[in-house]
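# Observations on the model geometry
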Amino acid sequence: MTYQPGSNDYSLGDHRVRRMGYGAMQLAGPGVFGPPKDRAAAIAVLREAIANGVNHIDTSDFYGPHVTNQIICEALAPYPDDLTIVTKIGALRGEDGSWNKAFSPDELEAAIHDNLRNLGLDKLDVVNLRLMFDLHQPGEGEIQDQIARLAKLQSEGLIGHVGLSNALQSQVEKARTITEIVCVQNQYNLAHRADDGFVDWLAGEGIAYVPFFPLGGFSPLQSATLNDVAGRLGATPMQVALAWLLARSPNILLIPGTSSVAHLKENLAAADLVIPEDEMQKLNGISQES
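Being a predicted model, the structure only gives us computed values, none of them experimental. Residue numbering note: each chain is counted from 1, following its sequence as written. Reporting of local features is limited, given that this is a predicted model, to residues whose pLDDT is at least 70; pairs of side-chain atoms are given and counted only at 80 or more, and all residues count toward the totals for whole chains, interfaces and linings. The side-chain quantities take in all heavy atoms of the structure and omit both hydrogens and water.

## Concerning the overall build of the chain
Filter applied, for reference: Put simply, DSSP marks the helices as runs of H or I at least four residues long and the strands as runs of E at least two long, and each gets a number from the N terminus on. Every radius of gyration here is taken over C-alpha atoms, with the globule rule written as 2.2 Å times N^0.38, N being the number of residues. The buried label applies to any residue whose accessible area, calculated with a 1.4 Å probe on protein chains only, is under 20% of its type's maximum; exposed applies above 50%, and partly exposed to all values in between. Residue contacts are counted whenever heavy atoms from the two residues lie within 4.5 Å of one another. The charge count treats Lys and Arg as positive and Asp and Glu as negative. His and the chain ends do not count. Think of each charge as sitting on NZ of Lys, CZ of Arg, CG of Asp or CD of Glu.
When you go through the chain residue by residue, the secondary structure sums to ten helices and 13 strands. Taking 19 Å as the expected radius of gyration for a compact globule of 290 residues, we find that the chain reaches 18 Å, a close match to that expectation. In the chain, which comprises 290 residues, the proportion classed as buried is 52%. Long-range pairs, those at least 24 residues apart, make up 74% of the contacts in the chain with a sequence separation of at least 6. A distance of 2 Å separates the average location of the 21 positive side-chain charges in the chain from that of its 35 negative side-chain charges.

In structure tokens form, the structure reads like this:
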């Protein structure tokens, strides 16, 4: 028996997307702030992603700010009919590059209009509300007023679907009393598995789970076990880390980011990597490594 990625696609509301997508955060300048060093290269990465079958792009207008969405619009508009663009709101960037909370209903509505304008869209496919009670991990806090405002914008035709980011299961449950929640975007990878039970609960509810920092983020995954498994499979450690996520649960959608065409192709190839059961068990133990 082998662990396989399973179905190649999954639902985001009424959108069907391939499970290997693309995260656009790295298209902005250093620290996700300001313009990229090579705008033409950023455009080339986006176009190459679409050419290779990617139909799920994750972004936010606070990447740059504004820069990443403007590059997406320049590179891809008019957008392919099957492309789903997921954006995120709940923060603003300071002039010093700081990440600041912008979480009031009025601030969220303003962010929706920023995303629409810079992406060149009349309607956003999916909007993730980034919860800011704790910048680094999910934290307790009430979100009913924020979700109610997003539901209002849905009724006005500006938003298709709503998701949550940096969220607890209890917050998802409360939000669902107001509007459908189609995805959750939290930190999760081979080494950071606090959401194991949450992933399984969401799978049972038919809700997509989209891990950010799937490769460790600003501190890339480092594991002798991962390196050994990758060597035996003839793959890179990062390809194995991505393939493990696809094998972990069928509701997991991946959005690894890069500003390099070569790295993009390496990431996409992970969707075809099959991890044998014995190697999967070794990888499962990485989160317990000291």
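## Things to note about the pairing of strand β2 (residues 9-12)
Condition: Strand pairing is assigned whenever DSSP detects at least two bridges linking the two strands.
Residues of β2 alternate between two faces, with Tyr10 and Leu12 buried on one and Asp9 and Ser11 left unburied on the opposite face. Bridging between β2 and strand β3 (residues 15-18) involves four bridges; their strand directions are antiparallel. For Asp9, the partnering residue across the bridge sits in β3 and is Arg18. Linking β2 to β3, which pair antiparallel, is a turn of two residues; within it Gly13 sits at a positive phi near 60°.

## Considering the packing of helix α2 (residues 67-76) against helix α3 (residues 105-119)
Quick note on the threshold: Interaxial angle, 0 to 180 degrees, is taken between N-to-C directions of lines fitted to C-alpha atoms, where a helix line uses only the stretch in contact. Residues were grouped as follows: Ala, Val, Leu, Ile, Met, Phe, Trp, Tyr, Cys and Pro as nonpolar; Asp, Glu, Lys and Arg as charged; and all remaining residues, including Gly, as polar.
Look at α2 against α3: their axes get within 7 Å of each other, and the N-to-C directions meet at 35°. Contacts between α2 and α3 pair Asn69, Gln70, Ile72 and Cys73 from the former with Asn115, Asn118 and Leu119 from the latter. Class assignment of the residues belonging to the contact of α2 with α3 gives a composition of three nonpolar, four polar and no charged.

## Quick notes on unusual backbone geometry
A cis amide bond links Gly64 with the next residue in sequence, Pro65, at an omega value of -10°. With respect to the helices and strands, Pro65 occurs in the loop between β5 (56-58) and α2. A cis geometry characterises the amide bond from Ala77 onward to Pro78, with omega recorded as -5°. Relative to the helices and strands, Pro78 is located in the loop between α2 and β6 (84-89).

## Looking at helix α9 (residues 261-269)
As a reminder of what qualifies: In this context, the arc is that of the directions from the helix axis out to the C-beta atoms. N or O atoms closer than or at 3.5 Å make up a polar contact, with two conditions inside protein: a donor-capable atom paired with an acceptor-capable one, and, for residues adjacent in sequence, both atoms drawn from side chains.
Inspection of α9 places Leu264, Asn267 and Leu268 among the buried residues, and these make up the whole buried set. One side of α9 carries all its buried residues, which in axial view fall inside an arc of 95°. Elements that come into contact with the buried residues of α9 comprise β4 (22-23), α1 (39-51) and α8 (237-248). If you check the start of α9, you find a side-chain oxygen 3.3 Å away from the backbone N of Ala262, and it comes from Ser260.

## With respect to the environment of Pro78
Judged by relative accessible area, Pro78 falls into the exposed class, the value being 80%. The spacing of Pro78 and Leu168 is 90 residues in sequence and 36 Å in space, taken between C-alpha atoms.

## A word on the side chain of Thr84
In this structure, Thr84 sits in strand β6. With relative accessibility at 1%, the residue Thr84 sits in the buried group. Only 3.3 Å separates the side chain of Thr84 from the side chain of His15, close enough to count as a polar contact. For Thr84, the residues in contact, after removing those within four places along its chain, are Leu12, His15, Val17, Asn55, His56, Ile57, Asp125 and Val126.

## Section: the confidence of the model for the chain
The following threshold applies: As a per-residue measure, pLDDT reflects the predictor's confidence and takes values from 0 up to 100.
Of the residues in the chain, 97% have a pLDDT of 70 or more, and the chain-wide mean is 94. Counting interchain partners and residues more than four positions distant, the pLDDT-below-50 stretch residues 1-6 has 20 contacts.

## Points about the packing of aromatic side chains
Aromatic rings in a pair are described by how distant their centres are and how their planes are angled relative to each other. What counts here: For Phe, Tyr and Trp, where Trp contributes only its six-membered ring, two rings pair if their centres lie within 6.5 Å, and the inter-plane angle classes them as stacked under 30 degrees, edge-to-face over 60, or tilted in between.
What the rule picks out here adds up to eight aromatic pairs. Consider the rings of Phe62 and Tyr63, whose centres lie 5.5 Å apart with planes at 85°: the pair is edge-to-face. With respect to class, Phe62 is no different from Tyr63; both count as buried. Judged by centre distance (5.6 Å) and plane angle (80°), the rings of Tyr188 and Tyr209 are edge-to-face. Taken together, the residues span a long stretch of sequence, with Tyr188 in the loop between β11 (181-185) and α6 (196-205) and Tyr209 in strand β12 (residues 208-209) at a distance of 21 residues.

## Here's the deal with the pattern of salt bridges
For clarity, the threshold we go by: Every case where a carboxyl oxygen of Asp or Glu lies within 4 Å of a side-chain nitrogen of Lys or Arg is listed as a salt bridge.
Scanning all chains against the criterion turns up 16 salt bridges. Here Arg149 and Glu109 are joined by a salt bridge, their closest N and O atoms 2.8 Å apart. Separated by 40 residues along the polypeptide, Arg149 in helix α4 (residues 144-155) and Glu109 in helix α3 bring together distant segments of the chain. Between Glu156 and Lys152 there is a salt bridge, with the nearest N and O atoms lying 2.5 Å from each other.

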